[in-house]
Amino acid sequence: MTSKLAIHGGTPAIDKEFDRYNPYGSEELDAAKKVIQGGVLSDFYGTNSDKFLGGEQVRRFEEEIAGFYGVNYAVTFNSWTSGLVAAVGAIDPEPGDEIILPTWTMTASAMAVIQWNCIPIFADINPNTFNICEISLENNISEKTKAIMAVDIFGLPANIKKIKEIAGKYNLRIINDSAQSPLSKINGKFVGTESDIGGFSLNYHKHFHTGEGGIIITNDENLYRRSCLIRNHGEICLNEGEEVSNILGHNFRMGEIEAAMGRQQLKKINALVDTKVDIAEKLTFSLRELKGIKLTEIPEGYTHSYYLFPIVLDTKILNLDRNNIVNALQSEGVPIWVGYQNLHLLPIYQKKIAYGKSGIPWSLNQSRKDISYNKGICPVAEDYHDNSFIFLPICSYNLDEKDIDLIIEAFKKVWLNLDALK
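Below: a short report on this structure. These numbers come from a predicted model, not from an experiment.

Moving on, we get to the overall build of the chain. In terms of regular secondary structure, the chain is built from 14 helices and 13 strands. In summary, the chain has a C-alpha radius of gyration of 23 Å against a globular reference of 22 Å for 422 residues, a match within 12%. Counting every position in the chain, which comprises 422 residues, the buried fraction comes to 57%. For the chain, contacts bridging at least 24 residues in sequence account for 72% of all contacts bridging at least 6. Accessible surface computed for the chain: about 17,800 Å², of which carbon and sulfur atoms make up 48%. Treating the 42 positive side-chain charges of the chain as one cloud and the 53 negative ones as another, the clouds have centres 2 Å apart.

Here is the structure:
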């Protein structure tokens, strides 16, 4: 490898494309094949019958998930977006109710709120953990607040102890969106197990997955029942005397092939996540001494699943614009991504238009009229996105030891040549 940067005509440190992440093996192939040969690819009925809860693979997968996480109930879905919609509906909000969540999360977190004619309220992030800032969270509570959606971003748990204190103080429900954090714990307890309702994504670029899919977990029988109803055309599956509010007909059901594959993936989850943790720890050890780099602070008692590897650049210390460094790293072959989404700045929130053109749900009589999504309401998240945040999507690739060595070598090469980028 030459010392001359690739962006200036030198040889790139990395001369290969990294393989796409693929956690599947013969076990998943055999499981899917068995389902196909049996001819029953789904076994749900949208009626109040013995098939309301699905087929054998779905039911067994849910039992195994509940046992793994140590909760009373698990409900599978065709996506985690569907799971989030069901989770919000399960807590039975009214139109105009508000749910507070961090602006740094996937758009589905907020869309699940709007699906019920409720209003997402965006809080800022903690600059060290990237999770919801508890001060910003509490400052955003109003008389319309129904719940807090705690997002365990990038694989690191949100501060559920403090969130529970705030929720208890204001009588709020807690939804955990742990899409990126399937094995993360606080003091030995899995994320999602201390909230009212939580869950995980089984989307194709997550640690363990079924292509598409999602899982709700809860210890609350009522939330479990409502989630099942919302998943499967609940309005025609209600028992006599059951509450009908927010039980709307959906087909959010998981198929038998996905469930059969998910059962095999669950057996591998520890090894799959451990591989990403090992990658992150090696990156941390090698990159933490580089000038102007800030890595995630993991609080005592917390574990990290490392969906991605986040980095904050101190551009003042480096005396360089982020783009200069990113362009140099990408030229060396490093799969660096830039920034993260600030949901409150999307057009749907800037214009306050979701259903039709009349501003619903913000224009509803039940909705508060002084809600702001102006730039400046989440200063930490906005600054990071605009100026300093980058990340390695380590869950998107099958990276081996040699691959990690090449990435580290590329970082060090760029840092040795920072002056040449000025």
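The next thing to look at is the nonpolar core. One finds Trp 104, Phe 130, Met 149, Ile 163 and Phe 389 to be the most contacted residues of the largest nonpolar core, which totals 75 residues. Take this core: its biggest share by element is 7 residues, from helix 3 (residues 80-90). When residues no more than four places from it in sequence are discounted, the contact partners of Ile 163 are Ile 132, Leu 137, Ile 148, Ala 150, Ala 158 and Ile 174. With 62 residues, the next largest nonpolar core counts Ala 13, Phe 309, Leu 320 and Ile 407 among its residues.

This part covers the sheet that holds strand 11 (residues 309-313). The sheet built from 4 strands is open, its strands ordered 10-11-13-12 with antiparallel pairing. Taken across any chain shown, the strands that pair with only one partner, and hence form the sheet edges, are strand 10 (293-295) and strand 12 (337-338). The strands touched by helix 8 (residues 256-287) within the sheet are strand 10, strand 11 and strand 13 (389-392), with strand 11 carrying the most contacts at an inclination of about 20°.

Right, let's get into the pairing of strand 1 (residues 73-77). Among the 5 residues in strand 1, 4 count as buried, and that is most of the element. Note: strand 1 against strand 9 (residues 214-218), 5 bridges, orientation antiparallel. For Val 75, the partnering residue across the bridge sits in strand 9 and is Ile 216.

Bringing the packing of aromatic side chains into the picture now. On inspection of all chains with the given rule, the structure shows 26 aromatic pairs. Seen in terms of ring centroids, Phe 130 and Phe 154 are 5.8 Å apart; in terms of plane orientation they differ by 55°. Their pairing is tilted. Residue Phe 130 is found in the loop between strand 3 (119-123) and helix 5 (134-139), and its partner Phe 154 is found in the loop between strand 4 (145-151) and helix 6 (160-170); the two are separated by 24 residues along the sequence. For Phe 154, a relative accessible area of 0% gives the class buried.

Attention now moves to the pairing of strand 13. Both faces of strand 13 are covered, namely the face carrying Phe 389 and Phe 391 and the face carrying Ile 390 and Leu 392. Inspection of the sheet shows strand 12 paired to strand 13 by 2 bridges, in the antiparallel sense. Of the residues in strand 13, the one forming a bridge with Trp 337 is Phe 391.

Before going further, it helps to examine the layout of surface pockets. The computed volume of the largest pocket comes to approximately 630 Å³. For the lining of the largest pocket, the elements supplying multiple residues, two or more each, are helix 3, helix 4 (107-114) and strand 12. Residue composition of the lining of the largest pocket, grouped by class: 17 nonpolar, 12 polar and 5 charged. Considered as a void within the structure, the second largest pocket measures approximately 270 Å³ in volume. Counting only elements with at least two residues in the lining of the second largest pocket, the list comes to helix 1 (26-38), helix 2 (56-69) and helix 8. A breakdown of the residues in the lining of the second largest pocket according to their chemical character gives 4 nonpolar, 4 polar and 6 charged.

Tallied over the full model, the rule gives 2 cavities of 30 Å³ or more. Size it by volume and the largest cavity reaches roughly 80 Å³. A breakdown of the residues in the lining of the largest cavity according to their chemical character gives 7 nonpolar, 3 polar and 3 charged. In this structure, the second largest cavity spans a volume of roughly 40 Å³. What lines the second largest cavity is simply Phe 18, Leu 283, Pro 335, Leu 392, Pro 393, Ile 394, Tyr 397, Leu 399, Ile 404 and Ile 407. Each residue belonging to the lining of the second largest cavity can be placed in one class, and the counts come to 10 nonpolar, no polar and no charged.

This paragraph deals with the side chain of His 207. In this fold, His 207 is placed in the loop between strand 8 (197-201) and strand 9. Of note is the side chain of His 207, whose polar atom sits 2.7 Å from the backbone oxygen of Ser 305. In this structure, His 207 is in contact with Tyr 21, Pro 23, Gln 180, Pro 182, Gln 265, Leu 272, Val 273, Lys 276, Ser 305, Tyr 306, Tyr 307 and Cys 395, ignoring residues within four places of it in sequence.

This brings us to the environment of Phe 52. Residue position: Phe 52 is located in the loop between helix 1 and helix 2. Relative accessible area serves as the criterion here: at 5%, Phe 52 is assigned to the buried category. In this view, Phe 52 contacts Phe 44, Tyr 45, Thr 47, Arg 225, Cys 228, Leu 229, Asn 232 and Cys 237; residues no more than four positions away in its chain are not counted.

A sheet is described by the order of its strands in space; here 7 strands give the open sequence 1-9-8-5-4-2-3, paired in mixed fashion. If you trace the sheet from one side to the other, it starts and ends with strand 1 and strand 3, each paired once. With direction set aside, neighbouring strand axes in the sheet form an average angle of 25°. Sheet analysis places strand 4 next to strand 5 (residues 173-177), joined by 5 bridges and oriented parallel. When the sheet's bridge partners are listed, Val 151 is paired in strand 5 with Asp 177. On top of the sheet, helix 4 reaches strand 2 (98-102), strand 3, strand 4 and strand 5; it is set at about 145° to strand 3, its chief contact. Packing of helix 6 onto the sheet brings it into contact with strand 4 and strand 5, and relative to strand 5 it is tilted by some 150°.

Quick notes on the rules
- Residues numbered from 1 in each chain as written.
- Predicted model: local features only at pLDDT ≥ 70, side-chain atom pairs only at ≥ 80, totals over all residues.
- Heavy atoms only, no water.
- Helix = DSSP H or I, 4+ residues; strand = E, 2+ residues; numbered from the N terminus.
- Rg over C-alpha atoms; globule rule 2.2 N^0.38 Å.
- Buried < 20%, exposed > 50% of the residue type's maximum accessible area, 1.4 Å probe, protein only.
- Contact = heavy atoms within 4.5 Å.
- Areas by Shrake-Rupley, 256 points an atom, 1.4 Å probe, with all protein chains shown as cover.
- Lys, Arg positive; Asp, Glu negative; His and termini not counted.
- Charge placed at Lys NZ, Arg CZ, Asp CG, Glu CD.
- Core = buried A, V, L, I, M, F, W, Y, C linked by side-chain atoms within 4.5 Å.
- Pairing = 2+ DSSP bridges.
- Axes fitted to C-alpha atoms, helices over the stretch in contact; angles between N-to-C directions.
- Phe/Tyr/Trp six-rings, centres within 6.5 Å; stacked < 30°, edge-to-face > 60°.
- 1 Å grid on protein atoms, 1.4 Å probe; cavity = no way out; pocket = protein on both sides within 12 Å on 5 of 7 lines; lining within 4 Å.
- Points joined across faces, edges and corners; volume = space filled by probe spheres on them.
- Nonpolar A, V, L, I, M, F, W, Y, C, P; charged D, E, K, R; others polar.
- Polar contact = N/O pair within 3.5 Å; in protein donor to acceptor, adjacent residues only side chain to side chain.

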